[in-house]
Amino acid sequence: MEAIDPLVAGLVAVVILLVAGGIVGFVARGRGEGPPRSASPPPSDAAAPPETETIEPEAEAPATAGSEPEAEAPAEPPAPPEPERLTPMERFRARLGRSREGLGSGLLGLFRRGLDEAAFEELEERLISADVGVEATMEIVEGLRERTRAEGVTDPEQALALLKEILRLELGVADRTLARRAEGPSTWLITGVNGTGKTTSIGKLAARHAREGETVVLAAADTFRAAAIEQLSSWGERAGARVIKQSEGADPAAVAYDGWQAAAAADADLLLVDTAGRLQNKRALMEELSKVKRVLERGAGPTDEVLLVLDATTGQNGISQAQAFQEAVDVSGVILTKLDGTARGGIVVAIQRQLGIPVKLVGLGETVDDLADFDVDAFVEALFADVAQDVELGDEGHAER
Ligand SMILES: Nc1nc2c(ncn2[C@@H]2O[C@H](COP(=O)(O)OP(=O)(O)O)[C@@H](O)[C@H]2O)c(=O)[nH]1
Ligand SMILES: [Mg+2]
């Protein structure tokens, strides 16, 4: 027994040294690697002035247009120096300033004054002004009233957490995936009223998927004005996506069909079809759209996504527009644009509730990076984010004050 003791002591010492070394190494690594994430400004600053026609592609990863000189198959691809992209949470938070001002900020202060009728009434007003819709507002506020009572909640922070949870539940059930087919080009038809942001959203989508290494084809089936075709072409150029177009006034259904043929011939991954949003009257527009879809499907088979682009700043108006589109082309998802410029972020709730169509993507600005998958958690957190953190992120809405 006594002979073992020094051996055991030695082993113990070695183990202690190893463990201590590991901890020191780990701490050192942890300190060293910390990327100055929050210190660096967002790549596409929210304060950038809106310039539709002169959007810079801001140093896109050149994964798009084929053969770069240095694109020799590297044995082990080193992590490419990705331009730093915001996480959904950061992006939402940085861009939802206006909605937050109306809805989220100050709520904690309100609850601190007491969870009484006056507080619930003010919450109701805020939700309605944010375009959540009357019915949903009543339910949300009633839900909060009941749960705070039932659970004996008096703490304002807890009440806010409950409100967030109720909102998340309200938004939480939808399938927001963008449908892709296993083989051949997935086809997404983009519809919506003029000026809502169809072409811009297509440009952003094209860039995003091209960046991921996909081959993207765009069909300029908004043949209503030559400018619309040019606008799509320049987005296509920037994204490295081929644009199938004809002259102004051409049959949009034929352009869509051509788009499919080109996409199939190129073995492309994704076909995005732009459409017109303005015709002499609504009926003509809806007839044209359903024809575009029908003809496209003769070649392409069932359309994978029919995305309706709605402008968040038009509030409830957008919802009545949506009904007509839904009848004409059976919408599968909404792209909600201009959420950055509105205090009516609550429209997300109203759209889903009143239309039963999930918001799948949101536009958070005019530049190529300003399209985000709709993320319920990020959205709800951003709506109610602590105002102190906005300044840190350079949020325009609050930093200006
Ligand atoms: N602030 C902001 N502007 C947007 C957004 N999406 C589109 N726009 C702007 O809305 C205007 C109309 O967009 P456009 O794509 O031409 O609409 P379309 O007529 O539906 O094709 C343009 O000035 C766009 O830059 C967005 O998410 N945020
Ligand atoms: Mg357009």
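The structure we're discussing is the one just above.
Residues numbered from 1 in each chain as written. Chains lettered and ligands numbered in written order. Predicted model: local features only at pLDDT ≥ 70, side-chain atom pairs only at ≥ 80, totals over all residues.

Student: Explain helix α12 (residues 316-329) here, please?
Tutor: Since the α-helix advances by 3.6 residues per turn, residues separated by three or four positions end up pointing in the same direction. Its 14 residues give α12 an end-to-end C-alpha distance of 20 Å, which sits within 8% of 20 Å, the value for a rise of 1.5 Å per residue. Downstream of α12 by a residue or two, Asp330 has a phi angle that is positive, lying close to 55 degrees. (Helix = DSSP H or I, 4+ residues; strand = E, 2+ residues; numbered from the N terminus. Expected span 1.5 Å × (residues − 1).)

Student: Please clarify how the nonpolar core should be interpreted in this entry.
Tutor: The nonpolar side chains of soluble globular proteins are, as a tendency, buried together. Judged by nonpolar contacts, the single largest core of 94 residues is most densely connected at Ala206, Val216, Leu218, Ala219, Ala256, Leu272 and Leu336. The residues contacting Ala219, other than those within four sequence positions of it, are Ile244, Val255, Ala256, Asp258, Gly259, Leu271, Val273 and Asp274. (Core = buried A, V, L, I, M, F, W, Y, C linked by C-beta atoms within 7 Å. Buried ≥ 20, exposed ≤ 12 C-beta atoms within 10 Å, placed from the backbone. Contact = placed C-beta atoms within 7 Å.)

Student: Hey, could you run me through the packing of helix α10 (residues 252-265) against helix α11 (residues 282-300) in this one?
Tutor: Each pair of packed helices can be summarised by the angle the axes make with each other and by the distance between the axes. The interhelical angle for the contact between α10 and α11, taken along N-to-C directions, is 25 degrees, at an axis separation of 8 Å. Classed by the angle they form, the pair α10 and α11 counts as roughly parallel. Like other packed secondary-structure pairs, α10 and α11 cross with a definite hand, here right-handed. Contacts between α10 and α11 involve Pro252, Ala253, Ala256, Tyr257, Trp260 and Gln261 from the first element and Glu288, Lys291, Val292, Val295, Leu296, Gly299 and Ala300 from the second. Residues belonging to the contact of α10 with α11 are distributed by class as follows: nine nonpolar, two polar and two charged. (Axes fitted to C-alpha atoms, helices over the stretch in contact; angles between N-to-C directions. Parallel < 35°, antiparallel > 145°, perpendicular 65-115°, else oblique. Left-handed = near helix turned anticlockwise from the far one by under 90°. Nonpolar A, V, L, I, M, F, W, Y, C, P; charged D, E, K, R; others polar.)

Student: Explain the sheet that holds strand β1 (residues 186-191) here, please?
Tutor: Sheet strands pair by backbone hydrogen bonding; their relative direction is either parallel or antiparallel. An order of β3-β2-β4-β1-β5-β6-β7-β8 is seen for the eight strands of this open sheet, with the pairing classed as mixed. Pairing within the sheet leaves two strands with one partner each, and these edge strands are β3 (242-244) and β8 (371-373). Strand-to-strand twist across the sheet, computed as the mean angle between neighbouring axes with direction ignored, equals 25 degrees. Two strands pair when backbone bridges link them, and β1 and strand β4 (residues 270-275) are joined in this way by four bridges, in the parallel orientation. Bridge pairing links Thr187 to Leu271 in β4. (Pairing = 2+ DSSP bridges.)

Student: It is not clear to me how the pairing of strand β7 (residues 359-363) should be interpreted in this structure. Could you clarify?
Tutor: Working note: regular strand, side chains alternate between the two faces of the sheet. Burial analysis of β7 places five of its five residues in the buried class, the great majority of the element. Note: strand β6 (residues 333-337) against β7, three bridges, orientation parallel. Directly across from Val334, in β7, lies its bridge partner Val359. Sheet analysis places β7 next to β8, joined by three bridges and oriented antiparallel. Of the residues in β8, the one forming a bridge with Gly363 is Leu371.

Student: How should the environment of Glu327 be read in this particular structure?
Tutor: With respect to the element layout, Glu327 can be found in helix α12. Here Glu327 falls in the exposed class, since 11 other C-beta atoms lie within 10 Å of it. When the C-alpha positions of Glu327 and Ser290 are compared, they lie 9.3 Å apart, and in sequence the two are 37 residues distant.

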